[in-house]
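# Summary of the model geometry
What follows is each chain in one-letter form.
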Amino acid sequence: MSRKIGIGILGCGLMGGIHAECVARERGAYLVGFQNRTREKAEALARRFEGRVYGSVAEALRDPAVEAVVIASSQQAHAEQAIAACRAGKHVLCEKPLALTPREMEAVARAAARARRVFMVAHQLRFHPVIATVQRARRRLGRSFHLDLEWGLRIQGAGGRCWEDYRSGGFFMELGCHLADLARHLMGDVRHVAAGALRLDRRRVTEDFTHALISFHGGAIGSLVVSANHRTLRQGLLRGRLLGEKGRIDFTVYPYARAFNTATLTLDHGKSLFVPDTTVRPLAFPRPRSLFRVYPGFYDVYQRQMAAFLDAVRRGTPPPVTLDDGRAAVGIILAAYASQGAATDRPNLARKAPAYRADAACHPSLA
Ligand SMILES: NC(=O)c1ccc[n+]([C@@H]2O[C@H](COP(=O)([O-])OP(=O)(O)OC[C@H]3O[C@@H](n4cnc5c(N)ncnc54)[C@H](OP(=O)(O)O)[C@@H]3O)[C@@H](O)[C@H]2O)c1
């Protein structure tokens with residue numbers, strides 16, 4: 001191992017801590033320092049991992065020992081911090097969503113193009129062993145024509161970044177951008193998006209249930225459902241179904257435990273209309289150790305993501321999840337918001353103003 005890459009963490013909440021832990025486990029990197037809006041959280045991580053505390057993002061970016069930054073602040077801060085990091089010549093691993101508006105994303109892309117450093121977006125589900133297994137097995141289906149992804153959570157709160165206003169992105173932005181990225185990862189680029197959204201909890205300002213219908217450039221179609229009020233699915237279960245000419249793959253990814261992570265291949269031999277003529281078999285996938293207590297069912301996806309980022313920095317190669325991937329995922333979400341806002345007379349189940357048209361129009365990119 002030639003040299004260690006110095007990492008600065010910007011944003012020291014839940015994800016800042018997880019990323020710091022990943023860096024600490026990498027032999028080829030070390031934590032230089034921490035910055036957070038509320039200084040105490042940066043101090044806490046600095047004590048835990050032995051690093052410096054910066055009073056501002058600018059101070060962190062002036063530190064020559066910081067070769068790369070992880071942006072783990074709230075999404076409203078991503079674009080500004082990413083642009084500043086690129087201008088300072090740092091490599092960037094940016095939490096999702098990359099940014100909240102097309103203008104912000106364009107500005108980040110311009111800064112990154114000038115910087116010519118590694119810029120990766122944290123869509124860690126691509127590193128999940130179930131997803132890798134589905135990706136490998138899908139050729140057995142022949143041409144696949146439909147992908148269905150559904151992520152159901154039951155969240156009781158009505159405050160915070162998801163619910164208070166669209167200037168923080170909205171709930172579909174928060175979770176749906178992972179599904180949007182996954183859809184592109186499995187099926188390719190998206191051509192069209194149409195969505196309907198509901199606000200089932202009347203205390204919330206933004207939507208808490210979204211169903212987006214998407215079509216892919218290759219001709220396949222798909223559906224993304226993200227819910228914060230799901231009472232019929234296990235809390236946090238992500239369920240997927242891929243349909244192809246020769247069969248289907250059903251899979252589940254479960255963040256909160258190692259159990260319920262599954263993938264099943266069903267092949268249709270098609271000899272009889274009335275008697276099931278299929279073979280159904282579970283697909284084996286490696287079950288690596290779960291390193292993180294918060295999302296043990298993600299196995300070590302955050303660690304693999306960090307290793308991939310560091311590898312790209314070391315080799316000077318494109319990262320496995322690029323800035324354009326992050327941009328495309330946000331683009332799908334914004335298209336869903338736009339299409340939902342364009343639908344008139346759709347009653348809100350909570351029967352409370354503003355109607356969806358007005359909700360969506362609150363989104364900074366659509367106002
Ligand atoms: N990839 C994943 O699996 C995953 C999972 C969860 C979250 N995320 C994403 O990761 C990011 C952080 O989420 P989190 O759960 O770690 O949130 P969190 O615990 O609330 O931490 C966010 C941190 O960002 C700081 N911050 C908030 N607004 C800021 C602003 N305007 N300028 C600068 N700093 C600001 C906060 O500082 P204060 O202490 O002053 O509030 C807080 O310490 C979000 O973009 C979220 O969407 C990703």
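Criteria and cut-off values
- Residues numbered from 1 in each chain as written.
- Predicted model: local features only at pLDDT ≥ 70, side-chain atom pairs only at ≥ 80, totals over all residues.
- Heavy atoms only, no water.
- Phe/Tyr/Trp six-rings, centres within 6.5 Å; stacked < 30°, edge-to-face > 60°.
- Buried < 20%, exposed > 50% of the residue type's maximum accessible area, 1.4 Å probe, protein only.
- Near = heavy atom within 4 Å.
- Polar contact = N/O pair within 3.5 Å; in protein donor to acceptor, adjacent residues only side chain to side chain.
- Areas by Shrake-Rupley, 256 points an atom, 1.4 Å probe, with all protein chains shown as cover.
- Helix = DSSP H or I, 4+ residues; strand = E, 2+ residues; numbered from the N terminus.
- Nonpolar A, V, L, I, M, F, W, Y, C, P; charged D, E, K, R; others polar.
- Domains from an automatic or database assignment.
- Axes fitted to C-alpha atoms, helices over the stretch in contact; angles between N-to-C directions.
- Parallel < 35°, antiparallel > 145°, perpendicular 65-115°, else oblique.
- Left-handed = near helix turned anticlockwise from the far one by under 90°.
- Contact = heavy atoms within 4.5 Å.
- Buried area = accessible area lost by both parts, 1.4 Å probe.
- Salt bridge = Lys/Arg side-chain N within 4 Å of Asp/Glu carboxyl O.
- Expected span 1.5 Å × (residues − 1).

Attention shifts here to the packing of aromatic side chains. Here the structure, examined in full by the defined rule, presents 11 aromatic pairs. Ring centres of Tyr254 and Phe260 lie 5.4 Å apart, and the angle between their planes is 90°; this geometry places the pair in the edge-to-face category. The exposure class assigned to Tyr254 is buried, which follows from its relative accessible area of 8%. You can call Phe260 partly exposed: its relative accessible area is 38%.

Another aspect to go through is the site of the ligand. Close to the ligand lie 24 residues; Met15, Asn36, Thr38, Lys41 and Tyr302 are nearest. At 3.0 Å, a side-chain N or O of Arg37 approaches an oxygen atom of the ligand. At 2.7 Å, a side-chain N or O of Tyr302 approaches an oxygen atom of the ligand. Look at the ligand: alone it shows 900 Å² of surface, and the protein chains cover 83% of it. Put simply, the parts of the chain that give the shell around the ligand at least two residues each are helix 1 (14-25), helix 4 (75-87) and helix 7 (171-187). It is helix 4 that provides the largest number of residues to the shell around the ligand, a total of 4 residues. Residue composition of the shell around the ligand, grouped by class: 8 nonpolar, 10 polar and 6 charged. The residues that make up the shell around the ligand include at least three from each of domain 1 (5-117) and domain 2 (127-300 + 328-361).

Contact geometry of helix 4 with helix 5 (residues 102-115) gives a least axis separation of 8 Å together with a crossing angle of 15°. Classified by the angle between their axes, helix 4 and helix 5 sit roughly parallel to one another. With respect to the hand of their crossing, helix 4 and helix 5 are arranged in left-handed fashion. The segment helix 4 lies against helix 5, with Ala79, Ala82, Ile83 and Cys86 engaging Glu104, Ala107, Val108, Ala111, Ala112 and Ala115. Along the lines of polarity and charge, the residues of the contact of helix 4 with helix 5 split into 9 nonpolar, no polar and 1 charged.

Turning to the domain arrangement of the protein, a few remarks are in order. Many structure descriptions define interface size as the accessible area lost when the parts assemble. Assigned domains within the protein: domain 1 (5-117) and domain 2 (127-300 + 328-361). Here domain 1 and domain 2 have C-alpha centroids that lie 28 Å from each other. Each partner contributes to the interface: domain 1 provides 16 residues, whereas domain 2 provides 15 residues. Buried area between domain 1 and domain 2, both sides added, is near 1,300 Å², and the carbon and sulfur share of it is 67%. Looking only at domain 1, the three residues that lose the most surface to domain 2 are Gln75, Lys96 and Leu100, adding up to 38% of its buried area. Counting the contacts that link domain 1 with domain 2 gives 1 salt bridge. Between Lys96 and Glu174 there is a salt bridge; the shortest N-O distance is 3.5 Å. Here domain 1 is connected to domain 2 by 2 residue pairs in polar contact (both at pLDDT 80 or more).

This brings us to helix 8 (residues 301-315). In an α-helix, one turn spans 3.6 residues; hence positions three or four apart end up facing the same way. For helix 8, spanning 15 residues, the distance from its first C-alpha to its last is 21 Å, which sits close to the expected 21 Å at 1.5 Å a residue. All of the buried residues along helix 8 are Val301, Tyr302, Gln303, Gln305, Met306, Ala308, Phe309, Leu310, Ala312 and Val313. Summarising the contacts, the buried residues of helix 8 are in contact with strand 1 (5-10), helix 1, strand 2 (29-35), strand 4 (68-71), strand 5 (91-95) and strand 6 (119-122). Once helix 8 ends, the next one or two residues include Gly316, with phi positive near 70°.

Here the focus is unusual backbone geometry. For the bond from Lys96 to Pro97, the omega torsion is -15°, close enough to zero to count as cis. Here Pro97 lies in the loop between strand 5 and helix 5. For Phe260, which is not a glycine, the phi torsion comes out positive at approximately 70°. Along the polypeptide, Phe260 turns up in the loop between strand 12 (247-253) and strand 13 (262-268). The backbone phi angle of Tyr299 is positive, close to 50°, even though this residue is not glycine. Its location among the elements puts Tyr299 in the loop between strand 14 (278-282) and helix 8. A relative accessible area of 0% means that Tyr299 is categorised as buried.

Applying the stated criterion across every chain, the model contains 22 salt bridges. Two residues, Glu21 and Arg48, come together in a salt bridge whose shortest N-O distance is 2.9 Å. One end of the pair, Glu21, is in helix 1; the other, Arg48, is in helix 2 (residues 39-49), with 27 residues separating them in the sequence. Relative accessible area serves as the criterion here: at 48%, Arg48 is assigned to the partly exposed category. Asp300 serves as the salt-bridge partner of Arg304, at 2.9 Å between the closest nitrogen and oxygen. Taking relative accessible area as the criterion, Arg304 reaches 30% and is therefore assigned partly exposed. Here the residues in one salt-bridge network are Arg126, Asp181, Arg184, Asp189 and Asp325, joined through shared partners.

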